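This is what each chain is made of:
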Number of protein chains: 2
Amino acid sequence: MKRIFLIVGHRVRTDGKFNLNDLCGSTGRLDILLRVINSVFLLSNGLRKDAELFLVLKGPPDPPVTIHLIGSELKYLNPDERSTGALIRQALMTQRKPGQEIRSTPGIYVSDLDYRDVLVRLSSDRKPVYLHEKGTPIQTTPIPDPGNVFFVLGDQFDLNDDEEVMLQDPIFISLGPNILHTDHCVVLIQNEMDRRYENENAMDSPE
Amino acid sequence: MKRIFLIVGHRVRTDGKFNLNDLCGSTGRLDILLRVINSVFLLSNGLRKDAELFLVLKGPPDPPVTIHLIGSELKYLNPDERSTGALIRQALMTQRKPGQEIRSTPGIYVSDLDYRDVLVRLSSDRKPVYLHEKGTPIQTTPIPDPGNVFFVLGDQFDLNDDEEVMLQDPIFISLGPNILHTDHCVVLIQNEMDRRYENENAMDSPE
């Protein structure tokens with residue numbers, strides 16, 4: 001079952017004109033999203049081919065840009081920030097066409113889809129799971145099969161009111177007493193799904 | 001209660017002669033340890049002042065080198081790999097003195113202590129908790145107060161037999177069905193301790 005994540009980069013630059021030696025300062029905090037890519041896709045011994053990630057970028061000069069990463073097609077993804085930054089820069093420098101996803105490198109697609117477009121696309125057969133301080137602990141929250149949900153997180157900013165209100169009937173979850181970086185939140189969600197889904201499989205099997 | 005982590009970087013270079021633009025290729029995978037530093041210390045809104053980390057480096061040209069990071073003293077720590085790489089490079093370029101920890105920047109100390117030295121120091125009042133495939137799930141493993149243990153992990157390589165046998169009476173834990181990068185393992189351990197310790201606090205308090 002595919003696990004889908006949707007992350008909003010509220011100020012991340014939407015052109016590729018940034019310096020790979022200053023991913024923190026020159027990109028509107030693309031560095032956060034690069035670490036999210038690592039957390040969504042990378043295992044110690046390979047890629048999570050069942051994972052998919054939508055990064056909705058809202059920063060200057062040309063928002064919105066959505067970068068869509070598909071685990072089953074991804075190549076050239078390494079764990080370090082700089083090489084992933086180079087892949088995303090290449091995606092941002094790819095010529096976009098209205099309403100279309102254009103492939104920049106294997107498994108990485110770029111488009112002018114906005115947050116609402118992505119929500120509409122995902123909501124047709126999935127329910128949003130939203131990390132929020134009023135959520136219930138993920139460990140005790142009933143979550144349908146990961147194939148029937150998508151996980152929504154902000155970057156260093158929470159979703160704003162407009163973004164929140166567009167989520168239809170979300171499942172609110174929390175991860176613990178501390179406020180964590182988004183990439184750390186993704187690690188925790190992936191692990192919870194790993195363990196829960198393994199158990200479900202185990203229960204389903206006759207032995 | 002302090003939370004202490006000990007990570008072995010089996011091939012990480014022990015001089016500062018590497019390129020910050022190639023942290024993955026030129027350092028013996030220091031990049032993994034940089035992400036571990038992020039996971040050990042960084043919350044979204046600040047530093048974990050109760051955390052402490054020993055990085056034992058065994059790569060060329062001058063092993064062993066131990067870098068000791070102390071959360072309550074740390075400054076200038078940002079979440080991106082490159083800036084943390086610069087701090088560690090500075091530590092590695094600091095002149096070492098036999099058997100002494102030398103401060104390179106606030107909260108970062110460098111020495112020629114080896115793995116055994118660090119174990120002896122930590123084992124005087126703490127028990128090792130060791131991530132291993134034969135471990136029991138951390139969620140159901142009784143772990144004394146984090147103040148009475150230290151967490152031991154390898155980098156991209158497991159501890160070797162010599163390193164394992166030096167752990168005195170370790171508690172073996174596992175984190176889930178997938179093999180994860182070390183920095184992701186640390187995120188999971190920190191979160192488990194956050195939630196468990198909060199609960200213990202809650203149970204201890206009269207209300």
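In what follows, the accompanying structure is described. Along each chain, residue indices are assigned from 1 in the same order as the chain's sequence is written. Each chain is given a letter, starting from A, and each ligand a number, starting from 1, according to the order in which they appear as written. In keeping with the model being predicted, local features are shown solely for residues with a pLDDT of at least 70 and side-chain atom pairs are shown and tallied solely at 80 or more, while totals for entire chains, interfaces and linings include all residues. By convention in this description, side-chain values take in all heavy atoms of the structure and omit both hydrogens and water.

**A look at the pairing of strand β9 (residues 149-153) of chain A**
Residues and elements named next belong to chain A. Cut-off, in case you're wondering: Remark: exposure states derive from per-residue accessible area (1.4 Å probe, protein chains only) relative to the maximum for the residue type, with buried under 20%, exposed over 50%, and partly exposed in between. By definition, any uninterrupted DSSP run of H or I lasting at least four residues is a helix, any uninterrupted run of E lasting at least two residues is a strand, and each is numbered from the N terminus. One bridge is not enough; two strands pair if DSSP finds at least two bridges between them.
The buried fraction of β9 amounts to five of the five residues, a majority that puts the element mostly inside the structure. Pairing between strand β1 (residues 3-9) and β9: four bridges, direction parallel. Residue pairing in the sheet places Ile7 in a bridge with Leu153 of β9. Relative to β9, strand β8 (residues 127-137) runs parallel, the two being bridged by four bridges.

**Points about the relation of the copies chain B and chain A**
This is how the line gets drawn: In this comparison the copies share one frame, found by least squares on the C-alpha atoms of residues holding pLDDT of at least 70 in both. The contact rule is simple, with two residues in contact once any of their heavy atoms fall within 4.5 Å.
Overlaying chain B on chain A yields an RMSD of 0.0 Å, the required transformation being a rotation through 180° with an accompanying axial translation of 0.0 Å. The transformation relating the two chain copies, once decomposed into turn and shift, fits a two-fold axis. Most of the interface of chain B is mirrored in chain A, where 100% of its interface residues are also at the interface.

**Side note on the packing of aromatic side chains**
Residue and element names in this part refer to chain A. What counts is decided by this rule: By convention, a stacked pair of Phe, Tyr or Trp rings (six-membered ring in the case of Trp) has centres within 6.5 Å and planes under 30 degrees apart, an edge-to-face pair has planes over 60 apart, and any other such pair is tilted. Whether a charge sits over a ring depends on NZ of Lys or CZ of Arg being within 6 Å of the ring centre and within 35 degrees of the ring normal.
Summed over the entire model, instances satisfying the criterion amount to four aromatic pairs over all chains. Each ring, one from Tyr130 and one from Phe172, has its centre 5.9 Å from the other, and the planes form 55°; the classification is tilted. Residue Tyr130 is found in strand β8, and its partner Phe172 is found in strand β10 (residues 171-174); the two are separated by 42 residues along the sequence. Under the relative-accessibility criterion, Tyr130 is labelled buried at 3%. Positioned over the ring face of Phe172 is Lys134, at 4.6 Å from the centre of the ring.

**Considerations on the nonpolar core**
As a reminder, the rule being used: Here the nonpolar core consists of buried residues drawn from Ala, Val, Leu, Ile, Met, Phe, Trp, Tyr and Cys, with membership extended through side-chain atoms lying within 4.5 Å.
Core analysis: the biggest nonpolar cluster contains 96 residues, and Leu53(A), Ile67(A), Leu53(B) and Ile67(B) have the highest contact counts within it. Leaving out residues up to four positions away in the same chain, Ile67(B) has contacts with Leu53(B), Phe54(B), Leu55(B), Leu57(B), Ile88(B), Ala91(B), Leu92(B), Ile108(B), Tyr109(B) and Val110(B).

**Observations regarding helix α3 (residues 115-123) of chain A**
Residue and element names in this part refer to chain A. What counts, and what does not: Of all possible arcs, the one meant is that of the directions from the helix axis to the C-beta atoms. Whenever a nitrogen or oxygen atom comes within 3.5 Å of another N or O atom, the pair is scored as a polar contact, on the condition that within protein one atom can donate a hydrogen and the other can accept it, and that pairs from neighbouring residues in sequence are kept only if both atoms are in side chains.
Buried residues of α3: Tyr115, Val118, Leu119 and Leu122, and no others. Mapping the buried residues of α3 onto a view down its axis gives an arc of 100°, with all of them on the same face. In this fold, the buried residues of α3 make contact with β1, β4 (51-57), β5 (65-70), β9 and α4 (161-165). Of the residues that open α3, the one with a side-chain oxygen 3.1 Å from the backbone nitrogen of Arg116 is Asp114.

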